[in-house]
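Here's the letter readout for the chains.
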Amino acid sequence: MAIIVWKALRVLLLCLSCYGYLYLIVDKGKIKVEFSPAILFSAIGSAMFFAGILNILKETCFAIFIAGIAFAIYSFVKKYNPLRFICPGTVFFFICLVYLGYFYYGCKLREYDDFTHWGLVVRSLLQTDRLPNFMDTIIYKSYPTGSAGFIYFVCKISGISSEWMMLFAQAVFVIGCFMCLFAFVKHKVTGFLMIFVFAVAVLGSYRFVLSGLYVDVLLPLVGLTGILIGIYYDTDINRVLWAILPETVFLIAVKNSGLFFVVVIIIYVLIRIKWKTVKKGWAAAFISAPFLTLLLWQKHVDLVFDKGLASKHTMSVHGLKEAFLDKKPQAISEIFDKYLSVVFDLRNIFLLFLILAIVALVVVYLFQKQQFGTFLRLVSIGAVSYLLYQCSLLGMYLTSMPVDEAVRLASYDRYHLTIMIFVMGILLAGILQMQFSHKAISVLMLGVASAVNLFTFAPKLSYLQKQPLNTPARQNLEALIEEHQIPKGSSFVLFSEDDFAYSGYVCGYLLNNYSMYLYTGDPTGKMPKDIRRYDYIIIADPTEKTRTYVKNVLKIDDTRQVIRLKK
């Protein structure tokens, strides 16, 4: 009981610390409440990223926490009224927090990529209080750790390092980004419903959005936050460069592909900035900080990993050159053909964006003509961003992605989801800020926008309902490991019927060792080379076929599901 009370107290102190920073952003920074959570979370994630590179992760974590408490106390001394934070956006935020707490409590990681990277990195940070290096089991060495740093902060300060808290922390960040759209609402009821439908559509679009630590949704939402701040404070953009800076830095810290959103934001700001009055130092820092962050990360990877910049999906000149030269002209031609056929397919959901944009442009021109130019600019930003993204995505398939994945356009749907969230968010913000004099026009736009979002993201409500706490595959392996007391770090031969090696990576995650041989069926009947170098044989799916193979081919007369090879 005492432990529960202590952790509850730590969670409250974490909230108090965050409140201190929110007070600073809103009261001293003169930023609308709706933008403040996303700015704060991006700043914390960026700070933890740099702290990890400097190897002061734990110290920075508690320094940020204590400083937040101090700012909160200062706000109380100044008799600042916390009720000023109450607005429809914060109500939405806290309702989502309560539901997400119920949704995640007790659940465990279940998605494939969490066992190969995202969950692996967060766990490593929490266990070692530093970024992974050559001593750790990390598969994708060059992937930045920004999202993991934010999760580390939440888990470390709250004292809850369970996997459900990892998922909860990232989901809270996502909701904080959705909250930014509330700043644009002019017609309250219809505006709130549009945002709600958009959030539900995005969160329910794929199972991994809520059930994993993937960053395919976090990335565009952080980018959306950055550009929305610039759009909202368009006439005062010089003053809010400091508020956009955390998002641009954090985008690089989350994933290399965040560079695309950084470029879009910087181009927009450079076009809209008032050069005569802007502080040149701030402008230089705003432009250079993301690129310096990328350079710093690459230097870090090169320093702490052996051939780190030669690992898969690395954004370096050498890595891109190697991946491109590995592709033969026939493969390049095949990639081009497949890519163009997907982009120009009539089933491309970007056509729905164009439909909504055209309808909205016509309505704005007829009923809100004085704001037509502003709205057209936002539509243009979305359309140009989509075009540039598709060009950069094609470049990724041709350069950084391995040839076997590139020819089948691996993960294209996920990557396409990323840009659709970004462009639909910009378009929605434009619609929300239109002040239509007739309520019927607002209702019409609500109906059209909601329908387009639902068709674009095709959400499944089952993804928004509380899921089983564990997957059968993981539950089975956890039981075997516990029952047979297999020690951490053990290498293994895994017999599984899983063609995508899901069970293998789950087992590697649980044992913290990816030295494995995965048996999914061997028609040759030959014994794997050096099988005796592994510590254990684990039979996840006991069948007559696997038992016969173990007995006749491996020459091991043992019917148990876990067999120790090394004594």
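Here, every reference points to the structure presented above.
Rules behind the numbers
- Residues numbered from 1 in each chain as written.
- Predicted model: local features only at pLDDT ≥ 70, side-chain atom pairs only at ≥ 80, totals over all residues.
- Heavy atoms only, no water.
- Helix = DSSP H or I, 4+ residues; strand = E, 2+ residues; numbered from the N terminus.
- Rg over C-alpha atoms; globule rule 2.2 N^0.38 Å.
- Contact = heavy atoms within 4.5 Å.
- Areas by Shrake-Rupley, 256 points an atom, 1.4 Å probe, with all protein chains shown as cover.
- Salt bridge = Lys/Arg side-chain N within 4 Å of Asp/Glu carboxyl O.
- Buried < 20%, exposed > 50% of the residue type's maximum accessible area, 1.4 Å probe, protein only.
- Expected span 1.5 Å × (residues − 1).
- Axes fitted to C-alpha atoms, helices over the stretch in contact; angles between N-to-C directions.
- Parallel < 35°, antiparallel > 145°, perpendicular 65-115°, else oblique.
- Nonpolar A, V, L, I, M, F, W, Y, C, P; charged D, E, K, R; others polar.
- Patch = residues over 30% accessible without salt bridge, like charges linked within 9 Å, V, L, I, M, F, W, Y side chains within 5 Å.
- Pairing = 2+ DSSP bridges.
- Phe/Tyr/Trp six-rings, centres within 6.5 Å; stacked < 30°, edge-to-face > 60°.
- Lys NZ or Arg CZ within 6 Å of the ring centre and 35° of its normal.
- Core = buried A, V, L, I, M, F, W, Y, C linked by side-chain atoms within 4.5 Å.

(A) Representation of the overall build of the chain within the structure. Counting its secondary structure elements, the chain contains 24 helices and four strands. Over its C-alpha trace the chain gives a radius of gyration of 25 Å, about what one expects of a compact globule, namely 24 Å for 567 residues. Dimensions of the chain along its principal axes, counting C-alpha atoms only, are 80 × 60 × 45 Å. Pairs at least 24 residues apart make up 79% of the contacts formed inside the chain by residues separated by at least 6 positions. With the model as given, the accessible surface of the chain reaches about 25200 Å², and the carbon-plus-sulfur share is 65%.

(B) Examining the pattern of salt bridges more closely. Under the counting rule described, the total for this entry stands at 16 salt bridges. One salt bridge in this structure joins Asp136 and Arg130, with 2.6 Å as the shortest N-O distance. Note on accessibility: Asp136 and Arg130 belong to one class, buried. Between Arg377 and Asp234 there is a salt bridge, with its nearest N and O atoms 3.9 Å apart. Here Arg377, found in helix H18 (residues 372-398), pairs with Asp234, found in the loop between helix H11 (218-232) and helix H12 (241-254); they are 143 residues apart in sequence, far enough to count as distant. Using a relative accessible area of 10% as the deciding quantity, one classes Asp234 as buried. Linked through salt bridges whose partners overlap, the residues forming this network are Lys108, Glu163, Arg474 and Glu478.

(C) Here's a closer look at helix H7 (residues 146-158). In this model H7 runs 19 Å from its N-terminal to its C-terminal C-alpha over 13 residues, within 8% of the 18 Å that 1.5 Å per residue would give. The buried count for H7 comes to 13 of 13 residues, which makes it a mostly enclosed element. Downstream of H7 by a residue or two, Gly159 has a phi angle that is positive, lying close to 75°.

(D) Focus on the packing of helix H17 (residues 350-367) against helix H20 (residues 412-432). Running from N to C, H17 and H20 point in directions that differ by 10°, and their axes come no closer than 10 Å. Classified by the interaxial angle, the pair formed by H17 and H20 is roughly parallel. Contacts between H17 and H20 pair Phe350, Phe353, Leu356, Ala357 and Ala360 from the former with His416, Met420, Val423, Met424, Leu427 and Ile431 from the latter. In terms of residue class, the contact of H17 with H20 is made up of ten nonpolar, one polar and no charged.

(E) Broad picture of a nonpolar patch on the surface. On the surface, a nonpolar cluster with roughly 780 Å² of combined accessible area is contributed by Leu346, Leu351, Leu354, Ile358, Val362, Tyr365, Leu366 and Phe367. Looking at where Leu346 falls in the secondary structure, it is placed in the loop between helix H16 (329-343) and H17. The exposure class assigned to Leu346 is exposed, which follows from its relative accessible area of 76%.

(F) Expanded view of the sheet that holds strand S1 (residues 492-495). Ordered by their spatial adjacency, four strands build an open sheet running S2-S1-S3-S4, and the pairing between neighbours is mixed. With partners counted over all chains shown, the strands left at the sheet margins are strand S2 (516-519) and strand S4 (562-564), one partner each. Strand after strand, the sheet turns through a mean of 15° between neighbouring axes, direction not considered. Pairing analysis gives four bridges linking S1 to S2, with the strands arranged parallel. By the bridge assignment for S2, Phe492 is matched with Met516.

(G) How the structure looks around the packing of aromatic side chains. Tallying each qualifying case throughout the model produces 46 aromatic pairs. Taking the centre distance of 5.2 Å and the plane angle of 65° together, the rings of Phe115 and Tyr509 count as edge-to-face. Here Phe115 is found in helix H5 (residues 112-116), whereas its partner Tyr509 is found in helix H23 (residues 502-511), with 394 residues between them in sequence. With relative accessibility at 2%, the residue Tyr509 sits in the buried group. Among the aromatic residues, those joined into a cluster by ring pairs are Tyr19, Tyr23, Tyr74, Phe76, Tyr80 and Phe85. Here the guanidinium or amino end of Arg123 rests over the ring plane of Tyr509, the centre of that ring lying 4.0 Å away. Stacked on the ring of Phe208, the Lys or Arg Arg414 has its end atom at 5.7 Å from the ring centre.

(H) Representation of the side chain of Gln371 in the model. Turning to its location among the elements, Gln371 is positioned in the loop between H17 and H18. A relative accessible area of 19% places Gln371 in the buried class. Excluding anything up to four places from it in sequence, Gln371 contacts Val364, Gln433, Met434 and Gln435.

(I) Up close: the pairing of S1. Both faces of S1 are covered, namely the face carrying Phe492 and Leu494 and the face carrying Val493 and Phe495. Summarising the sheet, S1 and strand S3 (residues 536-539) pair through four bridges and their orientation is parallel. From the neighbouring strand, Phe492 faces S3, where its bridge partner is Tyr536.

(J) The nonpolar core, seen in detail. One finds Phe35, Tyr104, Phe153, Phe178, Ile227, Tyr397 and Ile538 to be the most contacted residues of the largest nonpolar core, which totals 204 residues. For Tyr104, the residues in contact, after removing those within four places along its chain, are Trp164, Leu167, Phe168, Ala171, Leu210 and Lys466. Ranked by size, the runner-up nonpolar core spans 14 residues in total, among them Phe495, Ile539, Tyr549 and Val550.

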